[in-house]
Amino acid sequence: MKFDTPATTNPIDRGRVIGIPHDRIDGPAKVTGTAPYAYERHDAAPNAAYGWIVGSAIAKGRIGAIDLRAAEAAPGVLGIVTHQNAGPLGKGNFNTAHLLGGPQIEHYEQAVALVIADTLENARDAARLVRIDYAPEQGRFDLAAERDKGVPPPPGFGGPADTKTGDFEAGFAKAAVKIDQSYTTPDQSHAMMEPHATTAAWNGDKLTLWTSNQMIAWSVGEMAKTLKIPPENIRLVSPYIGGGFGAKLWVRADALLAALGSRMIGRPVKVAIARPQIPNNTVHRPATIQRIRIGADKQGVIDAIAHEVWSGDLPGGGAETAAQQTRLLYRGPNRLTTHRLSTLDLPEGNAMRAPGEAVGLLALEVAMDELAEACGVDPVELRIRNDVQYDPEAGPQRPFSSRKLIECLREGAERFGWNRRNPKPGQVRDGRWLVGMGVASAFRNNLVGKSGARIGVDAEGHVIVETDMTDIGTGSYTIIAQTAAEMMGVPLEAVTVRLGDSRFPVSAGSGGQWGANSSTAGVYAAAMALRAKLAEKAGFPADKALFEDGLIRLGNQSQPLATLAGREGLWAEDSMEFGDLDKRYAQATFGAHFCEVGVDIDTAEVRVRRMGGAFAAGRILNPKSARSQVIGAMTMGVGAALMEELSVDTRFGFFVNHDMAEYLVPVHADIPQQDVLFIDELDDKSSPMKAKGVGELGICGAGAAVANAIYNATGVRLRDYPLTIDKILAAQRVA
Amino acid sequence: MRPFTYSRAASVEEAAKTAATQGARFIAGGTNLLDLMKLQIETPTHLIDVNHLGLDRIEPTAEGGLKIGAMVRNTDLAADKTVRRDYAVLSRALLAGASGQLRNKATTGGNLLQRTRCPYFYDTRMPCNKRQPGSGCGAIKGMSRSLAILGTSDACIAQHPSDMAVALRLLDAQVDAVGADGGRRSIPIADFHLLPGETPHIENALKPGELITSVTLPKPLGGTHVYRKVRDRASYAFALVSVAAVFGKDGRSRFAFGGIGAKPWRTDAADAAAPSGAAAVAEAALSGARPTAQNAFKQQLTARTLASLYRQKGA
Ligand SMILES: Cc1cc2nc3c(=O)[nH]c(=O)nc-3n(C[C@H](O)[C@H](O)[C@H](O)COP(=O)(O)OP(=O)(O)OC[C@H]3O[C@@H](n4cnc5c(N)ncnc54)[C@H](O)[C@@H]3O)c2cc1C
Ligand code: SF4
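Residues numbered from 1 in each chain as written. Chains lettered and ligands numbered in written order. Predicted model: local features only at pLDDT ≥ 70, side-chain atom pairs only at ≥ 80, totals over all residues. Heavy atoms only, no water.

### Some thoughts on the site of ligand 2
In the vicinity of ligand 2 there are 14 residues, among which B:Cys118, B:Cys128, B:Cys137, B:Cys156 and B:Ile157 approach most closely. A breakdown of the residues in the shell around ligand 2 according to their chemical character gives eleven nonpolar, two polar and one charged. (Near = heavy atom within 4 Å. Nonpolar A, V, L, I, M, F, W, Y, C, P; charged D, E, K, R; others polar.)

### Looking at the interface of chain B and chain A
If you look at the interface, chain B gives 39 residues, while chain A gives 39 residues. Both faces considered, chain B and chain A share a buried interface measuring about 3,400 Å² in area, 53% of it formed by carbon and sulfur atoms. Between the two partners, chain B and chain A, sit five salt bridges. Here A:Asp726 makes a salt bridge to B:Arg145, at a shortest N to O gap of 3.1 Å. At the junction of chain B with chain A, the criterion picks out 21 residue pairs in polar contact (both at pLDDT 80 or more). Counting only elements with at least two residues in the side of chain B that touches chain A, the list comes to strand S9 (224-230) and helix H12 (297-314) of chain B. Broken down by element, the residue count for the side of chain B that touches chain A peaks at nine residues, all from H12(B). In terms of residue class, the side of chain B that touches chain A is built from 16 nonpolar, nine polar and 14 charged. (Contact = heavy atoms within 4.5 Å. Buried area = accessible area lost by both parts, 1.4 Å probe. Salt bridge = Lys/Arg side-chain N within 4 Å of Asp/Glu carboxyl O. Polar contact = N/O pair within 3.5 Å; in protein donor to acceptor, adjacent residues only side chain to side chain. Helix = DSSP H or I, 4+ residues; strand = E, 2+ residues; numbered from the N terminus.)

### Considerations on the pattern of salt bridges
For the structure on display, the rule yields 68 salt bridges over all chains. In this structure, A:Lys174 engages A:Asp303 in a salt bridge whose closest nitrogen and oxygen atoms are separated by 3.6 Å. Of this pair, A:Lys174 sits in the loop between helix H5 (168-173) and strand S9 (177-185) while A:Asp303 sits in strand S15 (residues 302-313), and the two are 129 residues apart along the sequence. What makes A:Lys174 exposed here is its relative accessible area of 62%. Here B:Asp172 and B:Arg266 are joined by a salt bridge, their closest N and O atoms 2.9 Å apart. Here the residue B:Asp172 occupies a position in the loop between helix H8 (164-170) and strand S6 (174-178), and B:Arg266 occupies one in the loop between strand S11 (253-258) and helix H10 (268-272), the gap between them amounting to 94 residues. For B:Asp172, a relative accessible area of 35% gives the class partly exposed. B:Arg266 sits in the buried class, given a relative accessible area of 15%. Via salt bridges that share partners, A:Glu169, A:Asp180, A:Arg291, A:Arg293 and A:Glu308 belong to a single interconnected network. (Buried < 20%, exposed > 50% of the residue type's maximum accessible area, 1.4 Å probe, protein only.)

### Remarks on the sheet that holds strand S3 (residues 46-49) of chain B
All names here are of chain B. Pairing in this open sheet of three strands is parallel, and the strands run S1-S3-S2 from one edge to the other. Each edge of the open sheet is held by one strand with a lone partner, namely strand S1 (5-8) and strand S2 (24-27). This sheet shows a mean twist of 25° between the axes of neighbouring strands, independent of strand direction. With four bridges joining them, S1 and S3 adopt parallel strand pairing. Bridge pairing in S3 places Tyr6 opposite Leu47. Strands in contact with helix H1 (residues 12-19) are S2 and S3; relative to S2, the strand with the most contacts, it is inclined by about 140°. (Pairing = 2+ DSSP bridges. Axes fitted to C-alpha atoms, helices over the stretch in contact; angles between N-to-C directions.)

### Quick look at the environment of A:Ser262
All names here are of chain A. Relative to the assigned elements, Ser262 resides in helix H7 (residues 253-265). The exposure class of Ser262 is buried, given its relative accessible area of 2%. In this structure the C-alpha to C-alpha distance between Ser262 and Val81, which are 181 residues apart in sequence, comes to 9.9 Å. What Ser262 contacts, discounting residues up to four positions off in sequence, is Ala200, Ala201, Trp202, Arg267, Pro268 and Val269.

### Some details on the UniProt feature "domain: FAD-binding PCMH-type" (unreviewed entry) in chain B
This chain's UniProt record puts "domain: FAD-binding PCMH-type" (unreviewed entry) on residues 1-222 of chain B. From the first C-alpha to the last, residues 1-222 of chain B spans 46 Å; its make-up is 26% helix and 16% strand. (UniProt positions renumbered as here; feature names shortened; annotations may be inferred.)

### Let's talk about the UniProt feature "domain: Aldehyde oxidase/xanthine dehydrogenase a/b hammerhead" (unreviewed entry) in chain A
The positions UniProt marks with the feature "domain: Aldehyde oxidase/xanthine dehydrogenase a/b hammerhead" (unreviewed entry) are residues 32-138 of chain A. Across residues 32-138 of chain A, helical content stands at 12% and strand content at 33%; the span's end C-alpha atoms are separated by 51 Å.

### A few points about the domain arrangement of chain A
Residues and elements named next belong to chain A. According to the domain assignment, chain A consists of domain 1 (2-35 + 448-583), domain 2 (49-138 + 197-278) and domain 3 (390-446 + 587-734). Listed by partner, the interface residues are 21 residues for domain 1 and 18 residues for domain 2. Regarding the contact of domain 1 and domain 2, the summed buried area is about 1,400 Å², with carbon and sulfur atoms giving 57% of it. Of all residues in domain 1, Ile472, Gly500 and Ser502 bury the most surface against domain 2, accounting for 31% of the area lost on that side. In this assembly, domain 1 and domain 2 are joined by one salt bridge. Here Asp501 ties to Arg235 by a salt bridge, and the two come within 2.5 Å at their closest N and O atoms. (Domains from an automatic or database assignment.)

### Brief notes about the site of ligand 1
All names here are of chain B. Arg25, Phe26, Gly30, Thr31 and Thr107 are the nearest of the 32 residues found near ligand 1. At 2.6 Å, a backbone N or O of Gly30 approaches an oxygen atom of ligand 1. Leu33 is positioned such that a nitrogen or oxygen atom in its backbone is 2.8 Å from an oxygen atom of ligand 1. With the chains in place, 95% of the 980 Å² that ligand 1 exposes on its own is no longer accessible. (Areas by Shrake-Rupley, 256 points an atom, 1.4 Å probe, with all protein chains shown as cover.)

### Concerning the environment of A:Leu697
Residue and element names in this part refer to chain A. Mapped onto the fold, Leu697 is located in the loop between strand S30 (674-678) and helix H17 (702-714). Taking the C-alpha atoms as reference, Leu697 lies 41 Å from Pro46; in sequence the two are 651 residues apart. When sequence neighbours within four positions are dropped, the list of residues in contact with Leu697 reads Ala442, Phe443, Arg444, Gln513, Thr589, Phe590, Gly591, His593, Phe615, Ala616 and Ala617.

So this is what it looks like as structure tokens:
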């Protein structure tokens, strides 16, 4: 099915199952421990041996010699994989560094060996006996020092490196009010609950990988390319995933090494990347340096806006596209955005929840706060004044498909009690706390991608959906079941959803908040095909027939789906392909974050007291799981604002705080009441679901609202994240 | 983790005797030791379980103090009625540490002996004089933000991470131990933890095999007990700076500090400065500080934390 004209009224609009808050249908399996995760496939691959990854001790250089004798002689060791015995390996398109290093070393903790043994303890113990001589080379580890060597990165998900509209320099030069500030954001770790993990087994030349992965079809291709085998010979299974946030978009060392290890010893092998290895072995969100210039009139109406971004990655890697939102969020005829990419020899940078916007808004939305203050305009009002209903780079001929930023700001402000904010910073005291409020806009692009599904009815009238879509904790199982139930006119309990298997039709997968809208649209397409088949069997015209109560109905005639399906059942498969509506219309999701913080008058400890947000993201398929997504993302925004940072040791070239005791993310005590309001919106240009993504929107701008609240509380403006006690104290000393 | 043997000691004396043999270690709650064994930072060949020796009681002493068995769990100690009434600073310090689950396992003896959280100590590919004597210190010119500013040496600037030990230092506790020869002695807490000097791998005054049996507190001090821990998130993080204080009615007060010292930090000069206010106490306590560029803020933060305590005391 092709989606190339705006949606009209369709079965989804009935809203009997879709749009109703539902508990996640996979919940009981998860809380009873019966949902199988990648490392626990005793059912499918009994007798698996254990692999332990040996990570490089240097960041850059070469392996001189490897001595495996002691490790091989250790108790229980079954085999050791290194580059010397792995055979010829390719590299996936989405991997920057090789998943198995050697002789060249590209980054610290890059996998250089897999030790396989009969128990985890034996494998881990023997891994320490692997002797490797390295010849280290000088690497580049300091973004600030390398910044001026940056070059325009190749275009990617974030569009071109640079964009230019009007004449920024001229507009900025003559602006009545000018903001010109620089901001930095650090490297961050995804820190999802479940580590990267894979169980691998070979049957002849056929490989099965039970792995924790967001993008099944991509990863089959990547694995095929890396192992140099045909993709048909690989089955990838990933039904349950304990979080990913982008870290599991591509295959990582666990998958490759489990496959190689299993081939070596002729027995299933499982590999998890140990928590302290994850930050340096896998991927992270790259650090940025950002400069923002805004020229406005005295009322705060923007005439010129520029956002320049510097980030770094390994050779061949990509940039953090932090200027993305600045291309679309606010008005102004004179515009400039640039991205520059420097070469760094740190571990590989890659996508983490809302790549681009998550850190871009940490800068832009603080700059807007600074502009509001410079103009003496309320920060909510300032954003409303600069709203634009079309793509401001392309002009009015490219309108937004739907854009309710103003509604989000107004309704969010009302619910939060924004009018109680004292615009003068440092005025409000509550005991030992200085109290302040901040606001920030939320913006995240709405991406769509081709997505397929197979749907069937059986003789009991039960509906089954199969697609290689993944559920990374987001609630895909539930919204897909809701979609199928709505389309087929059956209750939610009558639907079984099977996900995350490369034997199922290829979906859009989970990433870039495109999964929910795209994958349910794919299910919609398959369901339309099944409805046609059923109608034909019933002898009803498909466009007139109603599907409800397990029946197909026309006027006062009806037949049960179960009867029509018969003993064989009836199946249909289709996919949703998206035309150029996302070219003709700018498509994005919007919101407004509000935050109240307390800052200790003496110690500068920051405590978030309240958060609230209003969001417009098309049809909200399941308000319960959507709210969970948003509050989880707001929590991550608090982490980005206040504590998350992979600290770079620029001498050794690695992230020093590489475990969960040292890399801090918010705990429950950091997170207060979070209020989420979804603004009514249907986007008929996004898909027949009229939905958009919501999984990333909540992180976008959340941290900036925290930063702005700290300013309102204290009068100290901080521009280097995370905003820790030491930085607040230092700024107070200067102020 | 290297393979190891395991035994349960039948008595305190037997435990100490066995422990004096090469490669043997006690295991109490295991919350620190097992993590370090998995990373092969510690590689004992034999573990002696000392959880079943009746060292889990809290009893009054003839002198009017309190004897706390070495195996009393942090949770139980924090919740103990006498501790909450007479030594509230200890209860507060314990509750500021780790998480509920960890405190359920962690013991009084194990907590005193927990090892540093310096990140270079935890990565065995990095130089660290504490982990591997003579290999150098990765932290001094590296990521030192969380590390100590007082009592450090050119060999090591690791902080002592314990909250509990700061309160014990404030309360002038004694650490009671049994030696391999069966001899018993009590070590004043001030002398229990050692400064790194040239030998940062030697962290306390215990002799090989010596087993902590209890910690004894002197008579209650009275006064107002506070423990203030400042950290990068609201809970479940080690202190950047912590201050344990008892404010007496007579203006005489005492202070001990966590997060800033190579050991739980307390000075007579800081206590003596109490009547002159927070700034004077801070100045006295921080005398001789050797911060790095990254952790210099701890000086100001210590002063601010003291200021906060003085302010609240008035409230
Ligand atoms: C994630 C995390 C966060 C933490 N956060 C904090 C915090 O915020 N504040 C804080 O103070 N602590 C914190 N801790 C540390 C925790 O308090 C210690 O791990 C715990 O107190 C150690 O006690 P244990 O009984 O488990 O010791 P074990 O791990 O059993 O032993 C530790 C050491 O003491 C030795 N030992 C044990 N008992 C005796 C004895 N009776 N005599 C002689 N030697 C003995 C052992 O041989 C071993 O060397 C944290 C720990 C973790 C893992
Ligand atoms: S500060 Fe101490 S513990 Fe840390 S690296 Fe240096 S020697 Fe090791």
